[in-house]
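Residue strings, one per chain:
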Amino acid sequence: MSEYARTFANQAVSITIPMLPTSNGLLENDQWEEMKGDLQISPISRATSWVTRLARPSFLTRSSNSFKDEPIRRTAYLDGLRGFAAFLVYWQHHQSWARYSIRADKIFENSFGYEGRYYFATLPGIRLLFTGGHFAVTVFFVISGYVLVAKPLSLIHAGEQAKLADNLASALFRRYLRLHIPIFVTTFLYMTTWHAFGVWTAIPEHQRNYRDEIWNFYAEFKNFSFVFGSERQPIFSYDVHLWSIPIEFKGSLIVYTAALAFSRCSRNWRLVCEAGLLYYFTYIADGWFGSLFMGGMILCDLDLLASNDDLPAFLTRLEPYKKSAFYTLFVISIYLGGVPSSTDKLYDLQDGQFGWYYLSLLKPQAVYDYKWFYLLFASVFLVVSIPRIPWLKAFFETRFNQYLGRISFALYMVHGPVLWTLADRLYVAVGWAREEHVMGIPQWISVFPISKAGPLGLELSFLLPHIVILPFTLWLAEVVTKVIDEPSVKFSQWLYKKTMGSSLKL
């Protein structure tokens, strides 16, 4: 694996689009019989209409006033949070890639004033907009822990053990397919463009011909998608940003198993067992991702209990201090979310990182890469505080964040390929060339040079290309959502029903 692949592997890190207004249709007007003959649409017209809807980005479609009147789901803020987190991943990878020649990641991922360097982009809180990708990934995992067990926990609370078993069986059957089919299809198509159209990319190293590429792709994907192999999860070089997907699957297995294991426990003992498992993953085993998923599960359990006025007594006594407590947790979250993470060595956190020496003393012995310990608290505190802070909750329920949430998985999958193809060429064209570009795409070097004036991370020559890059990435993510991601979900549901015995089908 090249140096670039290793670097970005270390750095790496689904909400409804507003529908068109509904008018009184034929059925409402009792005109079905009279007009039925006029509704014959040719296959070509249907195909043309489908392609048009597919190719038209919904963010360029005028929204309806009726959408504003639709009730917002209780957990809509989680969809918006997931979408915004996916955008942070996109933004961090672009920030680091464009400036790889000056190793800007070493600046972004250290604290303000480190080694005498003072940059606006490294200020506490502000730094999350430039290097918030790792924080975003941990937020993904907490959200997954929450939403994956929302239905199982509601069935546990209702005492519906038979329905719980059915629900978990279906979820376990579909989870692997739902995560890996979209990845297989998108990366295979991306890889194919290299040989079909002669597309050069800086990473990874291309094979000599398409046949060799397919074999290498197969060999890497089978290892990448097997989560019970080596202690260190293999990196998928066809998109190194997808390193978190096998971890997502392992975390899913943890919370599904925990839900089943604790399903017959009393309320208090279930909460104790959930907290015990979180403690185990944090302080005894180096299972940081398990902690994140269990954190999401505990938050979901407590929210469901609160909706039924069934919280433990010690928590209800804290009600008078709710506002100040959650604002405090939010501020702590923002600070801890910016943990310096240029390396995984604790002494680097202790040496010269302003405000982090005493916090470094809290790291448990079990944790190898210290950043995940602090990001555990940051992400859990963030998810628990958002629904209790009205303006913050409203932000994540905005139309655009809800849109990002719907395409978040596809955005996570496609932003890398767009970065290494279109974006890389635009960066080179405006003056961000590196040595490998001289050999790979010399014709693109400085064809339209733009000034690099501006603070680090906000240079004019970096921002202007995103007039093209960002809309294209969002459009492609929307297409992938419609054509690959959503059909994958439907396919896994269809396949599960096909495998069920006739007596078990609903």
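Our structure is the block above this text.
Residues numbered from 1 in each chain as written. Predicted model: local features only at pLDDT ≥ 70, side-chain atom pairs only at ≥ 80, totals over all residues. Heavy atoms only, no water.

A tally of regular secondary structure across the chain gives 25 helices and 0 strands. Accessible surface computed for the chain: about 25,100 Å², of which carbon and sulfur atoms make up 63%. (Helix = DSSP H or I, 4+ residues; strand = E, 2+ residues; numbered from the N terminus. Areas by Shrake-Rupley, 256 points an atom, 1.4 Å probe, with all protein chains shown as cover.)

Across all of its chains, the model carries 47 aromatic pairs by this definition. Here Trp194 and Tyr238 contribute two aromatic rings whose centre-to-centre distance is 5.6 Å and whose plane-to-plane angle is 15 degrees, an arrangement assigned as stacked. Of this pair, Trp194 sits in helix 10 (residues 161-197) while Tyr238 sits in the loop between helix 11 (210-224) and helix 12 (244-261), and the two are 44 residues apart along the sequence. Assigned by exposure class, Trp194 and Tyr238 land together as buried. Look at Phe330 and Trp391: their rings are 6.2 Å apart centre to centre, the planes differ by 85 degrees, and that puts the pair in the edge-to-face class. Of this pair, Phe330 sits in helix 16 (residues 322-337) while Trp391 sits in helix 20 (residues 390-396); the two residues are 61 residues apart in sequence, bridging distant segments of the chain. Cluster of aromatic residues (ring-pair linked, three or more members): Phe184, Phe188, Tyr190, Trp194, Phe217, Phe221, Phe224, Phe236, Tyr238 and Trp420. Residue placement shows Arg99 over the ring face of Trp432; its charged tip is 5.3 Å from the ring centre. Looking at Lys452, its charged tip hangs above the ring of Trp432, at a distance of 4.2 Å from the centre. (Phe/Tyr/Trp six-rings, centres within 6.5 Å; stacked < 30°, edge-to-face > 60°. Buried < 20%, exposed > 50% of the residue type's maximum accessible area, 1.4 Å probe, protein only. Lys NZ or Arg CZ within 6 Å of the ring centre and 35° of its normal.)

Next up on the list: unusual backbone geometry. Cis geometry marks the peptide bond from Ile203 to Pro204, where omega comes out at -10 degrees. In this fold, Pro204 is placed in the loop between helix 10 and helix 11. Phi is positive for Arg103, which is not a glycine, with a value near 50 degrees. Mapped onto the fold, Arg103 is located in the loop between helix 5 (76-98) and helix 6 (105-108). For Glu115, which is not glycine, the phi dihedral falls at a positive 55 degrees. Along the polypeptide, Glu115 turns up in the loop between helix 6 and helix 7 (128-131). Its relative accessible area of 59% is what places Glu115 among the exposed residues.

A few words now on the side chain of Ser333. Along the chain, the position of Ser333 falls in helix 16. When near neighbours in sequence (up to four residues on either side) are disregarded, Ser333 contacts Phe135, Ala378, Phe381 and Leu382. (Contact = heavy atoms within 4.5 Å.)

On to the environment of Val489. Along the chain, the position of Val489 falls in helix 25 (residues 466-499). Val489 sits 314 residues away from Arg175 along the chain, and the two C-alpha atoms are 9.1 Å apart.

Our focus in this paragraph is the packing of helix 5 against helix 21 (residues 399-406). Helix-helix packing: each pair is described by the crossing angle between the helix axes and the interaxial distance. Where helix 5 meets helix 21, the closest approach of the two axes is 7 Å, and the angle between their N-to-C directions is 75 degrees. Between helix 5 and helix 21, the interaxial angle falls into the category roughly perpendicular. Along the contact surface, helix 5 presents Ala76, Tyr77, Asp79, Gly80, Arg82, Gly83, Phe84 and Phe87, while helix 21 presents Asn401, Gln402, Leu404 and Gly405. Class assignment of the residues belonging to the contact of helix 5 with helix 21 gives a composition of 5 nonpolar, 5 polar and 2 charged. (Axes fitted to C-alpha atoms, helices over the stretch in contact; angles between N-to-C directions. Parallel < 35°, antiparallel > 145°, perpendicular 65-115°, else oblique. Nonpolar A, V, L, I, M, F, W, Y, C, P; charged D, E, K, R; others polar.)

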